[in-house]
Amino acid sequence: MKPLAGVKVIELARVLAGPWCGQLLADLGAEVVKIERPGTGDDTRHWGPPFVTGPDGEARDAAYYHAANRGKRAVAIDIATRQGQDEVRALIRDADVLIENYKVGALRRYGLDHASLTAITPGLVTCSITGFGQTGPYAHRAGYDFIVQGMSGFMSLTGEPDGPPEKAGIAYADIFTGVYGAVAILAALRRRDREGVGSHIDMALLDTQVAVLANQALNWMVSGVVPHRMGNGHVNLVPYQAFAACDGELIVAVGNDAQFARLCEALDLPFATDPAYATNAARIAHRAALIPLLAAAIAPWRKADLAWALEERGVPAGPINRLDEAFGDAQVIARGLKIERGGIPGLASPIVIDGERMVADLPPPPRPR
């Protein structure tokens, strides 16, 4: 039995952050009922191409939708009507969790806000996901991942030094907010089991994106120096970046001085004991001189050959793969990270408990009528 078996979740959310949170709970065993607009359904059902075709050739909406809605049951409810509001309340009566991503205050006018629903289900845990949170001068604004990546400072750190700021290749703020939302829900359920009380969780995309600035934020707080874009370089480690081999690129990730010495050995370079490069602090100070020397030594190698030579010496390294190469990697295959449910491909949850990968058995639901 999965850890969240017996937990019922109502998902009144669309697009990505809320559905990602609900999918994670479904993977862990929760029953997740997704409420969608009659007719059109979740916006992301239309965010294609590509569109998924079912095992019998039937159209199954955009791949984007299927990436975030595994393991759920979908129902069509118009919450703007009295009947629809009553249908949601009926679902809430025996529910444990509500995930919603409406604008601040929007559900109050329908009587579906946390305060109204806890009158029906006192132990309800409500997770409200918005762009900017329930308080503050931007609380009324709609939230979009791309905008939040820019406002948070994240994009100022991403891209080449002489190029423009870049967003991440995935909806980083949305997905992280969904994951943090699931963590918060589990904590609130634990408290409810202990104290018998429900909770209202306030999750904001901007809060999350700022919170995961991690060492970059602390570097600025401690030094007062504003970090800048470094491409594939690392602000605190050298060498810790991508290099061009003769057949592609690979990453060399040296984390200590002993690893640097072994890198020099593999490349037949005499730098291991040079005072300018022997310590990480020295390598950071002399980055501009060292990196071209390493790049010239790496350029003749095939990326697979060098990765293997470095692995033998305990130096972390690996190729930069396209997605098809990543899913063809022996480790990715062995770990079962590409799955299929109901004839539809999908991505497995990364969570493994007692040897069992936590992945919902059901495919994403067809559009409710």
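It should be noted that the structure appears before, not after, this text.
Definitions and limits used
Residues numbered from 1 in each chain as written. Predicted model: local features only at pLDDT ≥ 70, side-chain atom pairs only at ≥ 80, totals over all residues. Heavy atoms only, no water. Pairing = 2+ DSSP bridges. Helix = DSSP H or I, 4+ residues; strand = E, 2+ residues; numbered from the N terminus. Axes fitted to C-alpha atoms, helices over the stretch in contact; angles between N-to-C directions. Contact = heavy atoms within 4.5 Å. Buried < 20%, exposed > 50% of the residue type's maximum accessible area, 1.4 Å probe, protein only.

A. Just the sheet that holds strand β2 (residues 31-36), in detail. Sheet architecture is open: 6 strands sit in the order β5-β2-β1-β6-β7-β8, paired in parallel fashion. Every other strand in the sheet has two partners, leaving β5 (72-76) and β8 (199-204) as the edge strands with one partner each. Averaged over all neighbouring strand pairs, the angle between strand axes comes to 20°, with direction disregarded. Bridge count between strand β7 (residues 125-130) and β8: 6 bridges; the pairing is parallel. Paired with V125 across the bridge in β8 is S199. Seen against the sheet, helix α6 (residues 172-195) touches β6 (97-100), β7 and β8 and runs at an angle of roughly 165° to β8.

B. Broad picture of the sheet that holds strand β11 (residues 317-319). With antiparallel pairing, the 3 strands of this open sheet are ordered in space as β9-β10-β11. Where the open sheet ends on each side, the last strands, each with one partner, are β9 (240-245) and β11. For this sheet, the mean angle separating the axes of adjacent strands, direction not counted, is 25°. Here β9 runs beside strand β10 (residues 248-253); their pairing, made up of 6 bridges, is antiparallel. Of the residues in β10, the one forming a bridge with F243 is L250. In the packing of helix α11 (residues 287-298) onto the sheet, the strands contacted are β9 and β10, and the crossing angle to β9 comes to about 40°. Against the sheet, helix α12 (residues 303-312) makes contact with β9, β10 and β11, and its axis sits at roughly 15° relative to β10, the strand it touches most.

C. How the structure looks around the side chain of S128. Residue placement: S128 occurs in strand β7. According to the relative accessible area criterion, S128 is buried, its value standing at 1%. When sequence neighbours within four positions are dropped, the list of residues in contact with S128 reads E100, Q134, H200, I201, D202 and M203.

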